[in-house]
Amino acid sequence: MSPRRVWIVGAGKRVKETAVPAFLAAREHFEIAGVLGRNARNETLGGATFAVRELAKLDASAFSENDLAYVAVGKQAVPEVLGRLARLGPERFDLLVDTPVLLLKHFRHAELFGRFRNVWVAEDCFYLPWLDVVREELASGELGPLVEARFLHAAYAYHGFATLKALFGVERIRSARRKRIADGFRRTATIDSQRRGVIVEPRDYAKGWIELHCAKGAIGERGHVPPGGRELAPVLDGRDCVGFRVGERDVRLAPREVELARGPEPGAGVTARQEALKRVGFLRLVEAIAAGRGGYLLETGLDDMLVDYALEKSGRWHANALTSIDSKLARTFYSTLSRVVGR
């Protein structure tokens, strides 16, 4: 089967440092058909030079059946880009849109997503490679079920919620609170009556760390392993990170993932490697799409955005018929609100 064509809308840091390297690593599944932007120009992305074309000048003939459009533009520009793509025969191709999908004030434009064949969110934090070894360790039953996941200066906003969902195997956050503490803020996300996540802000990957507290033990990064706990650490081959381990258990990366994970110093821990690991996560996301499993669900990404917005504005979130992305009433309310206050 020939590779699927990808149209990349945007040419910023996210595209240069994460998306293009991942798409090039998945070249047997995808080929970059073109890069689109406001203005025509040449850009070097992922070590390759691309002639950026003007999105406004494209017509529907540019997009073929089974193409994928990946949108990674500034938050304010997303509605305009969605509107232009929605005029290019969107029922014939799929859409991958970057986080946080939409700003709440633009929620009225969410109806445009229904015009595309499939829509997924480019949330690579749901696919971070260290999650594999943690899942295997938890599946062994030796530590008991995961009770609390803590990201101490190790996660950012809606990306942190996505990582919590990956760890706990859920698609929604039940409730959450944000409280000021001495050096920033603490977000506490309730998964259910037995489980929760804690995210301490601000994010600082160079100094942050992860702790996972289970019913019968714990997992933590070097220097932050709870008493009697097991260490979560990279597995190194020279300077290369080739996998991750928890205690005596390890899971290895594929060769192409090792390439994408390069960059951090050998002494860097898991959290300190976050930016490089997001490239691996992005690769896994697009490989899942290529395999027919799909990507991070649109509604799940919108849920991350809504929880994050509520915590920033009021410090509280609780999923119910008036707030949940799964509620038709809530979606109507958000759309109406965005028409009143959105610009």
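Before going into details, it helps to say that this report is about the structure given with it. For every chain, the first residue of the written sequence is number 1, and numbering continues from 1 onward in sequence order. Only residues with pLDDT of at least 70 get local features here, since the model is predicted, and only at 80 or more are side-chain atom pairs given and counted; chain-wide, interface and lining totals rely on the full set of residues. Think of the side-chain values as coming from all heavy atoms in the structure, minus any hydrogens and water.

## Points about the layout of surface pockets
- As a volume, the largest pocket reaches approximately 710 Å³.
- Around the largest pocket, the lining is made up of 28 residues, and of these R14, D98, T99, H159 and K278 lie nearest the centre.
- Numbering of helices and strands runs from the N terminus, with a helix taken as a DSSP run of H or I at least four residues long and a strand as a DSSP run of E at least two residues long. Put simply, the parts of the chain that give the lining of the largest pocket at least two residues each are α1 (13–25), α4 (157–168) and α6 (274–290).
- The element that contributes the greatest number of residues to the lining of the largest pocket is α1, accounting for five residues. Think of a 1 Å grid over the protein atoms and nothing else: a 1.4 Å probe that fits but is trapped marks a cavity, an open set flanked by protein within 12 Å on at least five of seven lines marks a pocket, and residues with an atom within 4 Å of a point count as lining. Grid points are joined across faces, edges and corners, and a volume is the space filled by probe spheres set on the points.

## Remarks on the nonpolar core
- To define a nonpolar core, start from buried Ala, Val, Leu, Ile, Met, Phe, Trp, Tyr and Cys residues and group those joined through side-chain atoms within 4.5 Å. We call a residue buried when its accessible area falls under 20% of the maximum for its residue type, exposed when it is over 50%, and partly exposed in between, using a 1.4 Å probe and counting protein chains only. Core analysis: the biggest nonpolar cluster contains 111 residues, and F23, Y70, L85 and W130 have the highest contact counts within it.
- Excluding residues within four positions of it along the chain, Y70 makes contact with V6, W7, I8, V9, R14, V15, A19, F23, L96, D98, A122 and F282. Residues are treated as being in contact if the distance between any of their heavy atoms lies within 4.5 Å.

## Details of the sheet that holds strand β8 (residues 146–152)
- Strands are labelled as partners when DSSP assigns at least two bridges between them. Pairing is mixed across the open sheet formed by 10 strands, whose spatial order is β16-β15-β14-β13-β12-β8-β11-β10-β9-β18. Across the chains shown, the open sheet's two edge strands, defined by having one partner strand only, are β16 (249–252) and β18 (316–318). For this sheet, the mean inter-axis angle between neighbouring strands, taken without regard to orientation, is 20°.
- Here the axes come from fitting lines to C-alpha atoms, over the contacting stretch only for helices, and the angles between their N-to-C directions go from 0 to 180 degrees. In the packing of helix α7 (residues 298–313) onto the sheet, the strands contacted are β9 (175–181), β10 (184–190) and β18, and the crossing angle to β18 comes to about 140°.

## Considering helix α8 (residues 328–341)
- In a regular helix each residue adds 1.5 Å, so 14 residues correspond to 20 Å; α8 covers 20 Å between its end C-alpha atoms and thus fits that length.
- Among the residues of α8, A330, Y334, S335 and S338 are the ones counted as buried. Seen from one end, α8 has its buried residues packed into an arc of 135°, which puts them on one side. Away from the buried face of α8 by more than 90 degrees, exposed residues K328, L329, R339 and V340 are located.
- Each element contacted by the buried residues of α8 is listed here: α7 and β18.
- Any N or O atom pair separated by 3.5 Å or less is treated as a polar contact, with the protein-specific requirement of one donor-capable and one acceptor-capable atom, and with residues adjacent in sequence counted only for side-chain atom pairs. One side-chain oxygen of the residue at the start of α8 lies 3.3 Å from the amide nitrogen of L329, identifying that residue as S327. Each residue after the first adds 1.5 Å to the expected span of a helix. As used here, the arc belongs to the directions running from the helix axis to the C-beta atoms.

## A look at the packing of aromatic side chains
- Each Phe, Tyr or Trp ring (for Trp, its six-membered ring) is paired with any other whose centre lies within 6.5 Å, and the angle between the two planes then decides the class: stacked below 30 degrees, edge-to-face above 60, tilted in between. For the coordinates displayed, the defined rule picks out 12 aromatic pairs.
- A centroid spacing of 5.6 Å and a plane angle of 70° characterise the contact between F23 and F30, whose relative ring orientation is edge-to-face.
- We classify F23 as buried; its relative accessible area is 1%.
- Note on F333 and Y334: the rings are 5.8 Å apart at their centroids and 55° apart in plane angle, and the pair reads as tilted.
- The exposure class of Y334 is buried, given its relative accessible area of 7%.

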